[in-house]
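Chains, contacts and geometry: an overview
This is what each chain is made of:
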Amino acid sequence: MWQEILGVGLMFALLLLFAIPLGKHIGQVLNFEKNWSDPFLGFIDRLFYRIAGIDEMQQVSWQNNLKAMLTINAGWFVLSMLVLSNMSWLPLNPDGIASMSPDLAFNTSVSFITNTNLQHYSGETGLSYLGQMTLMLWQFISAATGMAICAVVFQGMRERASEKLGNFYVFFVRSITRVLLPLSILAASIYVFQGVPMTFLGKALTENLQGDGIEISRGPVAAFVAIKQLGTNGGGFFGPNSAHPLENPTYLSNMVETISILLIPIAMLFAMGHVLKRRKLAWTFFGVMCLGFLLLLLPAIASELEGNPAIAAMGIQQNQGSMEGKEVRFGAAASAYWAINTTCTSNGSVNAMHDSMTPLTGMSAMLGMMTNCFFGGVGVGFLNFYVFVILAVFISGLMVGRTPEFLGKKIEAREMKIAMIIALLHPLLVMLGTGLATYLYAQNPDACAAWLSNPGSHGFSQMLYEFCSASANNGSGFEGLGDNTLFWNLSTGLIILTARYLPIIGPVAIAGLLAQKQYIPESAGTLRTDTATFGTMVFAVIFIIAALAFFPTLVLGPLTEYFMLY
C-alpha cells in the first residue's frame, strides 16, 4: 500500500518539476520572446504563415479572433465527417473497418474537434488507420485551439488599454510547433521503447497458450497516445483506452501518461504569470486549483485502497484494495490518481474502468467534471477558472465596499452578466440532459433497457456521468452505459458543441471588454488578487456555484449507492 502511495507522490512531484519550466517556455512562446526553439522551429512557423497567407505581425480584435477560431473549427468538422463516413473505401484500412453511421460520425467528429473525445465506438474495431490518424490530427488541433484562445485572454489581461488582442492563427501555429509537437515526439519515443506499437501493418496473427489462433490489433498507437495525453484529449486508440496493455504496457508508461495529463494545464498557469509578469498571482491560482484537486484526490485514493464493503461481506480479502475493473500492473492508488487527473482536466482517458470504482471515487470523478475548473483542459481550463475569478472579484468588492477591479480594470454589469451566464450554463446542460434521459428511461424502460447495465442509483450515475463528461468536454464514461444509440449520439453531441464554444466566447468577450478600459494603477484601496484571502474567496465561489448546484443529483446517484453498501 505504501509503495503505491509513494508512486502517486513521485508522479505529482515530477509533474511540478516539469510544469514550472515548461510554463516559462510557453510564456516565452506566447510573448514572442527569444528562446531555444527559435533556431529549430522558427522556419516551420514562417512556412505555415506563408502558405496560409498570415501576417504574423498583425493583431486583431477579440471578435475577429473568435471568428477565426469558429471558422476553422467548422471546416475541420466537415472534413472529419467526410472521412469517418467513408472509411470503408478510403486508404489505410488493412482490416476492412466499416464506415460510421451518420449519427455516430457526427458525435465522434464533434467530440474530437472540441477536445472532448467521447467515444461511442470501440477504437480498434471502429476506425481505420486513416480514421485514427484523422482524429489524432484533431487532437493536436483542439489542444492548440485551447492554448491559442487562452493566449488571447492573456493579452486582454495586460496592464494597458487596447482593442487588439494578438492573432489567433499565430498563437495556434506556435502552440503546435513550439509545445505540442516536441513534447509529443518525446513522449511517443518513450512509449515505443516501452512496447507500444507504431506501425501501419494490419492485425498480427499469433497463437495463445491453448494453441488457438488469434488476431491482435495494432497501428500507429504511440503517436496517438502521446498527443491524447498531452493535449488533454483522452481518446483511446483501443477500446479499453490506457487500460489496454498495448496502449499502456508498464508502470513507467503509466507514469509518463499520468504526468502528461496535467502537465500543460498547470504549465499554462505559470505561462500566465510570465506573460503578465505576475508570478505571485499564478501561484495563488495554482494554490486554489491544487486545493480543490487534492480534496477530490485524497478521498478517492482512500476509498479505493479500503476496498469494496460488499465484496468484504462475502469473506473475500482485499489486500490490494478494490481491484474490480483495474489493472494489477498499476494498482488501486495509481488508478484512483489517474481517475481524478483525467476528470479534473478535459482528458477523459482511463487506465481503469470508472464504472467499477467505489461510489465515493465515482462521485469525486464527477465533481472534478462538475466544477470543471481545477486545472481543466489545455487553455480552456483556465478560461473556466477565469469566469469564477471575475465573480469572486465582484462579490469581494461588494463585501468590502470597493469598486470591483481585476488587474487594474473595473468589472461592471456587462462583464458580470456574461460571467454568470457561463457559470450557470454547465449545470444547466448537465441537469437538462440527465433529466431528459431519466424521463425517457422511466417512461419506457423496455425500449431503453440496453442503456443501463445496472438500473437504480448506479444506473442514474451512469447517465449523470455521461452528461457531466459531455458538458465538461471530458470524454470518459461509466461504460456500463449503452451509449451508441441515436439519442445518446445526438444529445451528447449537441451538449458538447454548446459546452465547448459558449464557455470560450464568454471569457474572451470579458477579456476583450476589460482590455478596452483604461488601466487604473493599484492604490491603498485596491483589492489585491494575489493573496491567500482572495484565493479562499475564489474557492468559496467555485464551491457554492459549481459544486452545490449538483448536490441533489449526487444524492440520487453515488451517495445513495454509497449508503446502500453499508
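Before going into details, it helps to say that this report is about the structure given with it.

1. Digging into the overall build of the protein chain
Across its full length, the protein chain carries 19 helices and 4 strands. For 566 residues, the compact-globule estimate of 2.2 N^0.38 gives 24 Å, and the C-alpha radius of gyration of the protein chain, at 23 Å, lies within 12% of that figure. Sequence-distant contacts, at least 24 apart, represent 78% of the contacts inside the protein chain between residues at least 6 apart. Working note: accessible area of the protein chain is about 21800 Å², and carbon and sulfur atoms make up 67% of it.

2. Considering a nonpolar patch on the surface
A surface patch of nonpolar side chains, amounting to about 460 Å² of accessible area, comprises F543, I544, L548, F551 and V555. At the level of elements, α18 (532-547) and α19 (551-564) are the ones that each hand at least two residues to the nonpolar patch. Following the sequence through the fold, F543 ends up in helix α18. Judged by its relative accessible area of 43%, F543 falls in the partly exposed class.

3. A closer look at the pattern of salt bridges
Two side chains with opposite charge may pair up if their charged atoms get near one another. According to the stated counting rule, one finds 9 salt bridges in the structure shown. Salt-bridge contacts for E304 lead to K326; the nearest nitrogen and oxygen are separated by 2.6 Å. Within this pair, whereas E304 is found in helix α10 (residues 279-306), its partner K326 is found in the loop between α11 (309-312) and α12 (332-344), the two being separated by 22 residues in sequence. Relative accessible area serves as the criterion here: at 0%, E304 is assigned to the buried category. On the accessibility criterion, K326 (8% relative accessible area) is buried. Close ionic contact of E412 with K517 constitutes a salt bridge, the shortest N to O distance being 2.9 Å. In this pair, E412 is assigned in the loop between β4 (409-410) and α15 (413-443) and K517 in the loop between α17 (486-515) and α18, connecting sequence segments 105 residues apart. The exposure class of K517 is buried, given its relative accessible area of 15%. Three or more residues are tied together by salt bridges with common partners; here these are D38, D45 and R178.

4. Things to note about α15
The terminal C-alpha atoms of α15, which comprises 31 residues, lie 43 Å apart, in line with the 45 Å expected from a rise of 1.5 Å per residue. The largest bend in α15 amounts to roughly 30 degrees and is located at L425, with the proline P427 lying one to four residues further along.

5. A closer look at α17
Helix length check: α17 (30 residues) gives 44 Å between terminal C-alpha atoms against 44 Å at 1.5 Å per residue, within 8%. Along α17, 23 of the 30 residues are buried, which leaves the element largely enclosed by surrounding structure.

6. Focus: the pairing of strand β1 (residues 204-207)
The two faces of a sheet get side chains in turn, since along a regular strand they alternate between them. Here 4 bridges tie β1 to strand β2 (residues 213-216), and the two strands are oriented antiparallel to one another. Paired with L205 across the strands is E215, a residue of β2. Between the end of β1 and the start of β2, which pair antiparallel, lie 5 residues, with G211 showing a positive phi angle near 85 degrees.

7. Notes on the packing of helix α13 (residues 359-371) against α19
Following both chains from N to C, one finds α13 and α19 inclined at 155 degrees, their axes separated by 8 Å at the closest point. Judged by the inter-axis angle, α13 sits roughly antiparallel to α19. Along the contact surface, α13 presents P359, L360, M363, M366, L367 and M370, while α19 presents T553, L554, P558, L559, E561 and Y562. A per-class count over the contact of α13 with α19 returns 10 nonpolar, 1 polar and 1 charged.

8. Some details on the side chain of T371
Looking at the secondary structure, you find T371 in helix α13. Separated by 2.8 Å, the side chain of T371 and the backbone oxygen of L367 make a polar contact. At 3.3 Å, the side chain of T371 and the backbone oxygen of G368 are in polar contact. Setting aside chain neighbours within four positions, we find T371 in contact with F388, I542, A546 and A547.

9. A word on the nonpolar core
Ranked by size, the top nonpolar core spans 158 residues in total, and within it I26, M157, I264, F285, F382, Y386 and F406 carry the most contacts. The leading source of residues in this core is helix α6 (residues 129-156), at 16 residues. Every residue in contact with I26, bar those within four places of it in the chain, is listed here: M147, V179, I264, A267, M268 and A271. Among the nonpolar cores identified, the runner-up in size contains 19 residues, and V110, L429, L452 and I496 belong to it.

10. Points about the environment of K517
For the pair K517 and A161, spaced 356 residues apart in sequence, the C-alpha separation works out to 5.6 Å. Setting aside anything within four residues of it in sequence, one finds K517 in contact with A161, K409, K410, I411, E412 and E415. Among the polar contacts made by the side chain of K517, one reaches the main-chain carbonyl oxygen of K410 at a distance of 2.7 Å.

Scoring rules and cut-offs
Chains are numbered independently. Their residues run from 1 in the order of the written sequence. Local features in a predicted model are, by the rule used here, given only for residues with pLDDT of at least 70; side-chain atom pairs are given and counted only at 80 or more, and totals for whole chains, interfaces and linings are based on all residues. Water and hydrogen atoms were dropped before computing side-chain values, which therefore reflect all heavy atoms in the structure. Helical segments are the DSSP runs of H or I of at least four residues, strand segments are the runs of E of at least two, and each set is numbered from the N terminus. In this description the radius of gyration comes from C-alpha coordinates, and the expected globular size is given by 2.2 Å times residues to the power 0.38. Contact between two residues is taken to exist if any of their heavy atoms lie within 4.5 Å; hydrogens are not considered. To be clear on the numbers: accessible area is Shrake-Rupley with a 1.4 Å probe, and residue cover counts the displayed protein chains and nothing else. In this scheme, patches are assembled from residues that exceed 30% relative accessible area and form no salt bridge. Like charges are connected within 9 Å, while nonpolar side chains (Val, Leu, Ile, Met, Phe, Trp, Tyr) are connected within 5 Å. Within this document, salt bridges are pairs made up of a side-chain nitrogen of Lys or Arg and a carboxyl oxygen of Asp or Glu, the two lying within 4 Å of each other. Relative accessibility decides the category of a residue: with a 1.4 Å probe and only protein chains considered, values under 20% of the type maximum give buried, values over 50% give exposed, and everything between is partly exposed. Any helix carries an expected span of 1.5 Å times its number of residues minus one. Axes are fitted to the seven residues ending at a residue and to the seven starting at it; the angle between these axes is taken as the bend at that residue. In short, DSSP must find at least two bridges between two strands for them to pair. To define axes, lines are fitted to C-alpha atoms, for helices over the stretch in contact only, and angles between the resulting N-to-C directions are given on a 0 to 180 degree scale. The scheme is simple: roughly parallel for angles under 35 degrees, roughly antiparallel for over 145, roughly perpendicular for 65 to 115, oblique for anything else. In the scheme used here, Gly and all other residues not listed as nonpolar or charged are polar, with Ala, Val, Leu, Ile, Met, Phe, Trp, Tyr, Cys and Pro taken as nonpolar and Asp, Glu, Lys and Arg as charged. Under the rule applied, a polar contact is a pair of N or O atoms within 3.5 Å (in protein, one hydrogen donor and one hydrogen acceptor; residues adjacent in sequence only if both atoms are side-chain atoms). Only buried Ala, Val, Leu, Ile, Met, Phe, Trp, Tyr and Cys residues count toward a nonpolar core, and they belong to the same one when joined by side-chain atoms within 4.5 Å.

Distances and angles like these do not, on their own, reveal function.
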